[in-house]
Amino acid sequence: MPSLSGDFFDQEAVINAICEQSEHGLNGTRRAQQRRRIAPWLAMISAVAGVLLLAAPRVPLGVSGEWVWTRHDLPVSMLEWCDRLLAPVTGALLVMGTAVAGERVLRKSGFLRSAGMLLLLILTSLIWQRLVLMAAPSPHREIKPLWINYDKYASGYFFEAAFRMHSAASLLVGYEDRMREGDVLHVGTHPPGLFLFSWCALQATARSPTLVRILEVTRDRTSESLFREIESRAGLARPLYRTELAALQLMAAVTQLSIAAAGVPLFLLAMRAYDRLTSWRVACCLVTIPGVLVFFPKSDVLYLLTMTSFLWLAVTSLTVPAVWSLWLSAAGAGVVLCGCLLLSLAHLPGVAAVVLFAVLQHATAVDGRTGPRRSRMTEFAALLRPGRKTGALVILFGTFLLTVVVWNVTTNCQLFRVWQLNLTNHAGFYQQSPRTWWKWLLLNPLELGFAAGLPLSVIALAGGLGAVGRVSGRAVALRKCADRDLSGLLQASVGDCLTTALFLTWMLLWLSGKNLGEAARLWCFLTPWVTMAAAGSDAGRRSPADCGKGLDAPAKFGITPWRLLLLLQLITAIATVGRVNGFSV
C-alpha cells in the first residue's frame, strides 16, 4: 500500500492499491487463472462422485432414523434402460441446442433477440421437464403430477379447498383461528396463499367447460387411470368430479410453467450484474436443477419464480440510475413481496439478502469517501444516512406495509398475526419430530449441493467465497484510505456485492438450524442463488478483459468449460430424477 501522507497523492497508485487489496482475498491473479483451468476437472469429478453416491444403495440420503430420501430401483433390463433414458437424453440434447443457439444469437445485443431466446428457453424447459420425468420408473412418473397435490398427507392445500372450503372469504375470516389449532405440518405452517391457489384452480375449471375439455384432451390416459385406481384404494374422500380432476391438472401445469418462466427474472437479475451472455448462461443453468425436477409439482418449486422476481425488482431499485425506474421497481418489489409471503415464509431470506446487498454496496462504494478518518460509530452511522438506496428500501417496505394493510382491511385476515402463528407452529414441528442439529448442520450443504447439482455447486462455492474475498478486501482498502478523497475512483461490483449477500444469507439460514432435514425440497428457492454464485466465480466471471478465457476458453474436449458444465448438469439431473424418490408414490 503506497503512502498517502502529504497534501497530494497519486490517484492511479491508490486505484492499484485498492485493486491489489481486493485481489488479495483471492490469492492474486495467477491463482485465479489456475482455478479457471481446474474448474472443469472439479465439475467432472463432482459429477462422477454424485452419480456414484446416488447409485450406491447402502449410502443413506439423509440421517438414518430421522429423515432419509428413498431411492428408485435401477432398471433390470436393457429394454427398461432404454425406456427410462431415451426421452431424457433427447430432452438434454434439446436443452444443449437451445443454450448454444442462445450463445450465438445473444453475442449481438437487442431487445427482440433477448426476448425471443427467453421465450424459446421457456418452451425448451417445458419440454425438458416432461421428458426428464421419464427417467423415473413407472408408475411413479405417471401418477406424481396428479397425486402429489391431491394427497392430504403430502400437502393438504387442494384437499382442504376441494372438500372443506365453502368460499375464499370464509377461509380468510377464520384463518387465524385455524392457525391457533397448532398444526405443525403443511396447513399450520403456511399463510393462506396456497389454499387460494387451489381454490382459484377449482373455480376456473368449475366455471369453464372449455378449459376442462382442453385439459382432458391433453391429459395422459395412463396417469388418469392410475390416479383413479390409487384414489379408490386410499379412500381419502369421495371420487373427484371431472372439474376437480381438471383443477389438479391445471395446478400441475401452472407449476410447470412457473418453473420454466423463472429463467426470465433470473436473466434480468443477472443483467444487473453481468453482461447479456453471462445472464443467458445463468438462466440456462436454472433449467438443469435436479431438485426442482424431483419435487415437481410440490408448492416449493413455485418459489423459484416468486423469489427471483422479488430479488430482480429489489436489486433493480437499488442499482438503477433513473428515479422513475427506482420508484416503479421498488414499489413493484413491495407488492410482489406481499404476494410471496402470502404463499410462504420461505421468502424471508430474500428480504435479508436484499437488505444485506444494500449495506454491502454502501460499505464498499467510494463516492463520498472524503474528509478525515472516521470513527467506527461514525462509519456505522454513515451506512444509515439517507440516500438513493435508503430511499429505495423505504419505498419497497412502505409499499409492502400498505399492501398488507389493504389486505387486512379487505379480507379481515390479519397477516402479521398469521405469520407469527406460522413461525410458532413451524418451531413446534421439531418438538414432535426431534432432529440432531449438528448432523444436519453437516449434511444440509451437501443435500443442497445434490439438489442444485454437484457440478454447478462446486463452481458456485468458488464464486461465493471469491466474492466474499473481493468485497471484504475492498472494504478493508477503502477503510485505510478513508481520510482521502477517493470520489469517483472506483465502485464496488454489483455482482460481487449480490453474490456475497446471497452467500452470507444462506450461511445465516444454514447456521440457524431452521431446516433440519429435507433441505433438497425446502431450499428449492435457493437454487437460483446457486446459479448466480456460479456466474460470479473465477471460472464464470466474464468481462471484456476476460474474453477468450474462463467459460469461453476452448477445452481439450472440443467444448468450452461452460458447455461442459451444462452437459454435466444435464447428466446429473437425469441421474437424480431417475434415482431419488421425493415422495411416497
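Per chain, the residues get numbers from 1 upward, laid out in the order the sequence is written. Totals for whole chains, interfaces and linings use all residues, but because this is a predicted model, local features are given only for residues with pLDDT of at least 70 and pairs of side-chain atoms are given and counted only at 80 or more. Values shown for side chains rest on all heavy atoms present in the structure; no hydrogens or waters enter the calculation.

Attention shifts here to helix α10 (residues 209-218). Here's how the labels work: a residue is buried when its accessible area is under 20% of the maximum for its type, exposed when over 50%, partly exposed in between, all with a 1.4 Å probe on protein chains only. Secondary structure follows DSSP: runs of H or I at least 4 residues long count as helices, runs of E at least 2 residues long count as strands, and numbering of each begins at the N terminus. Taken together, the buried positions of α10 are V212, L215 and E216. For α10, the arc enclosing every buried residue in end-on projection is 100°, short of the 170-degree limit, so these residues lie on one face. What makes two residues a contact is simply this: any of their non-hydrogen atoms within 4.5 Å. Here the buried face of α10 lies against α9 (193-207), α11 (221-234) and α12 (242-261). Directions pointing from the helix axis toward each C-beta atom define the arc.

What the three strands build is an open sheet, ordered β1-β2-β3; its pairing is antiparallel. This sheet does not close on itself; its edge strands, each paired only once, are β1 (61-63) and β3 (580-581). For two strands to be treated as a pair, DSSP must find no fewer than two bridges joining them. Bridging between β1 and strand β2 (residues 67-71) involves three bridges; their strand directions are antiparallel. Directly across from G62, in β2, lies its bridge partner V68. Here an angle of 0 to 180 degrees is reported between the N-to-C directions of two axes, which are lines fitted to C-alpha atoms, with helices fitted over the stretch in contact. Of the strands in this sheet, β1 and β2 touch helix α22 (residues 437-452), which is tilted by about 165° from β1.

Right, let's talk about the pairing of β2 for a bit. Between the end of β1 and the start of β2, which pair antiparallel, lie three residues, with G65 showing a positive phi angle near 90°. In this structure, β2 lies alongside β3, joined through two bridges in antiparallel fashion. What sits directly across from T70, in β3, is N581.

Moving on to the packing of aromatic side chains. Two aromatic rings, drawn from Phe, Tyr or Trp (for Trp, its six-membered ring), form a pair once their centres lie within 6.5 Å of each other, and the interplanar angle then sorts them: stacked below 30 degrees, edge-to-face above 60, tilted otherwise. Summed over all chains, the structure comprises 15 aromatic pairs. Considering the side-chain rings of F416 and W419, the 5.3 Å spacing of their centres and the 90° angle between planes classify their relative orientation as edge-to-face. Residue F416 and its partner W419 are located together in helix α21 (residues 415-432), separated by three residues, close to a single helical turn. With relative accessibility at 43%, the residue F416 sits in the partly exposed group. One aromatic cluster is present, built from ring pairs that chain together W147, Y150, F159, F163 and F227. Just above the ring of Y241 sits the side chain of R238; from NZ or CZ to the centre is 4.0 Å. Only when the NZ of Lys or the CZ of Arg is both within 6 Å of the ring centre and within 35 degrees of the ring normal is a charge said to sit over the ring.

In the cavity and pocket records, a cavity denotes points on a 1 Å grid over the protein atoms alone where a 1.4 Å probe fits but cannot get out, a pocket denotes an open set with protein on both sides within 12 Å along at least 5 of 7 lines, and lining residues are residues with an atom within 4 Å of a point. Grid points are joined across faces, edges and corners, and a volume is the space filled by probe spheres set on the points. A full pass over the atoms with the stated rule returns five cavities of 30 Å³ or more. When its volume is computed, the largest cavity comes out at roughly 110 Å³. Secondary-structure elements contributing two or more residues to the lining of the largest cavity are α6 (157-163), α9 and α12. The nonpolar class holds Ala, Val, Leu, Ile, Met, Phe, Trp, Tyr, Cys and Pro. Asp, Glu, Lys and Arg form the charged class, and all remaining residues, Gly among them, are polar. Residue classes in the lining of the largest cavity are distributed as seven nonpolar, five polar and one charged.

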